[in-house]
Amino acid sequence: MNFNDTPEQTRFRSEVRNWLQANATPKPPGEVKALQPAGAEGSVNYIDAQAWYKKKADAGYACLTWAKEHGGAGLNAIHQVIWNQEMAHFSEPDNYFFIGQGNCGPAITHFANEETKLKLLPRMASAEDIWCQLFSEPGAGSDIAGLSTKAVSDGDNWIINGQKIWTSGAQYSRYGVILTRTDPGISKYRGMTMFMIDMDQPGVQIQPIKQMDEGHHFNEVFFNDAVVPDSYRLGEIGGGWGCALTILMHERLAVSSVQPTGFAEFLATCKSLELNGEKLINDPVVRERLASWYCQQAGILNASNRMFTAVAKGGMPGAEAALGKLVGATMSQEIANFMCQQLGQSGIIMEPGYSEFDAHYQNSLLLAPGIRLAGGTDEIMRNIIAEQVLGLPQEPRADKGMAYSEIPSGNTLTQ
Ligand SMILES: Cc1cc2nc3c(=O)[nH]c(=O)nc-3n(C[C@H](O)[C@H](O)[C@H](O)COP(=O)(O)OP(=O)(O)OC[C@H]3O[C@@H](n4cnc5c(N)ncnc54)[C@H](O)[C@@H]3O)c2cc1C
């Protein structure tokens, strides 16, 4: 691995730096933006985020790795890393629409026809159209292939009935990518089909889910005879699992951005705090914890750099992303918990105006459990690492070889 910029990358970095200095708001000195997971709703306004994305797109910096005709910049994953590194010095909501651009976009690139790509991708890249990912259901999360939302062919259309849940950003979304059951009579993996769906239609109802941090990041989405034209099908009928795997591969890249950024700011914050009249960082227990978190963040940063290098050379994201997500999400939760304790009584004040660091750590603490679930739970990340890195045997699959309709469940669709 060589992490030094090539001459071309040096040129790109300075071009990006100059543009950001002219067009983005620098982080105020001492601002704690560390450890904020990507896509968190937080205080960032969706409209502000859309305006930032449009500005980036107009300057040619949207979706750097996508083809130019699809609204991207025709660059590679290393350029994206350079962008992220430079962006870390600015306050703009830069990773806000990662579900659409990071997950749905690649599915469309792989499986839609060129006419559809030219029509939909540039508007996705500039965030004029927001997209959501409609996979999880009340009875299917980690085992997404157990889903029951059904799509039935009707002439040139498909009729969709069922329910999705935990759909991030559905309330803002013009379109979604939805995974459905099209044939319950065969194996659960082979009987699924993926579609793009217009969310703005009478058959789609969105119910907010209120979070404990008072945000409303995700939703339940109900489909009652929702209509999707066959031209919005992604891949073959019955090819949904293959499409889903493509999305999940790319989701790994996106979730690996859960790794904490701004560790240096966090350390600086610790150095500024006192405990019982002594500097906090002189406490041996605190020093031990800081050292341990330092090692973890350095490890996931290097693993992530290795993954981006592989992707830039045409490879696929590997199990490093699972590692980054598992360690990074747990560490973010631990640090938020630690900081709320160090802040004493003010650690429980949620009102940004009265709370130190604008209640950053309080918000992180409430958000952290969700981040450990989203994009694959801790246990699923451990399974990936066990099977793909350590070479341990696969989990036993009790429903192997069975038709979906024969798998015992409470779903009426399987009857
Ligand atoms: C903030 C957030 C945003 C999300 N956004 C979206 C979105 O936009 N679109 C979308 O489709 N979904 C979204 N999700 C849903 C997310 O993908 C699921 O929550 C996740 O896949 C887990 O599924 P589940 O909640 O049904 O839990 P389950 O799969 O029911 O898991 C319950 C528990 O069992 C454990 N478990 C399950 N299977 C295994 C196994 N094989 N081995 C060991 N342990 C296991 C899990 O680790 C977990 O602890 C989001 C979730 C969150 C928290």
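These figures come from a predicted structure and were not determined experimentally.

Rules used in this analysis
- Residues numbered from 1 in each chain as written.
- Predicted model: local features only at pLDDT ≥ 70, side-chain atom pairs only at ≥ 80, totals over all residues.
- Heavy atoms only, no water.
- Phe/Tyr/Trp six-rings, centres within 6.5 Å; stacked < 30°, edge-to-face > 60°.
- Buried < 20%, exposed > 50% of the residue type's maximum accessible area, 1.4 Å probe, protein only.
- Lys NZ or Arg CZ within 6 Å of the ring centre and 35° of its normal.
- Salt bridge = Lys/Arg side-chain N within 4 Å of Asp/Glu carboxyl O.
- Helix = DSSP H or I, 4+ residues; strand = E, 2+ residues; numbered from the N terminus.
- Polar contact = N/O pair within 3.5 Å; in protein donor to acceptor, adjacent residues only side chain to side chain.
- Contact = heavy atoms within 4.5 Å.
- Patch = residues over 30% accessible without salt bridge, like charges linked within 9 Å, V, L, I, M, F, W, Y side chains within 5 Å.
- Areas by Shrake-Rupley, 256 points an atom, 1.4 Å probe, with all protein chains shown as cover.
- Core = buried A, V, L, I, M, F, W, Y, C linked by side-chain atoms within 4.5 Å.

*Asks:* How should the packing of aromatic side chains be read in this particular structure?
*Replies:* Between two aromatic rings, the relevant description is the distance of the centres plus the angle of the planes. A complete count under the given rule lists 15 aromatic pairs for this structure. An angle of 80 degrees between the planes, with centres 4.9 Å apart, marks the rings of Y96 and F97 as edge-to-face. Take Y96: its relative accessible area is 13%, and that puts it in the buried class. Taken together, the ring pairs connect F263, F266, W293, Y294 and F338 into an aromatic cluster. Lying over the aromatic face of Y175, R174 brings its terminal NZ or CZ to 5.0 Å of the ring centre. Taking the ring centre of Y404 as reference, the NZ or CZ of R181 above it sits at 3.7 Å.

*Asks:* Can you help me understand the pattern of salt bridges in this one?
*Replies:* Side-chain pairing between opposite charges can occur once the charged atoms of the two side chains come close. Per the counting criterion, the structure on display carries 16 salt bridges. In this structure, E114 and K117 form a salt bridge, with 3.7 Å as the shortest nitrogen-oxygen distance. Taken together, the positions of E114 and K117, both in helix α5 (residues 114-125) and three residues apart, correspond to about one turn of that helix. Assessed through its relative accessible area of 38%, E114 is described here as partly exposed. Overall, the relative accessible area of 11% leaves K117 in the buried class. If you follow the salt bridges from partner to partner, you end up with D5, R13, R17 and E86 in one network.

*Asks:* What is the right way to read the side chain of T116 from this model?
*Replies:* Tracing the chain through its elements places T116 in helix α5. A distance of 2.6 Å separates the side chain of T116 from the side chain of N113, its partner in a polar contact. Apart from the residues within four sequence positions on either side, T116 is in contact with L121 and M196.

*Asks:* When you look at a nonpolar patch on the surface in this model, what are you seeing that I'm missing?
*Replies:* Among the surface-exposed residues, I348, I349 and Y354 lie close enough to one another that they form a single nonpolar patch of about 390 Å² accessible area. Within the secondary structure, Y354 is located in the loop between α9 (320-342) and α10 (360-373). Judged by relative accessible area, which is 70%, Y354 ranks as exposed.

*Asks:* Before we go on, may I ask you to explain the nonpolar core in this structure?
*Replies:* The nonpolar side chains of a soluble globular protein tend to be buried with one another. The biggest cluster of nonpolar side chains holds 43 residues, and the ones touching the most others in it are W131, M194, I197 and F223. Elements with a contribution of two residues or more to this core: α4 (98-111), α5, β1 (131-134), β3 (157-168), β4 (175-181), β5 (192-198), β7 (218-229) and α6 (240-255). Sort the elements by how many residues they give to this core and β5 lands first, with five residues. Residues within four places of F223 in sequence aside, it is in contact with L134, I160, N161, G162, K164, I178, I197, G203 and V204. Among the nonpolar cores identified, the runner-up in size contains 21 residues, and L64, I78, W83 and Y96 belong to it.

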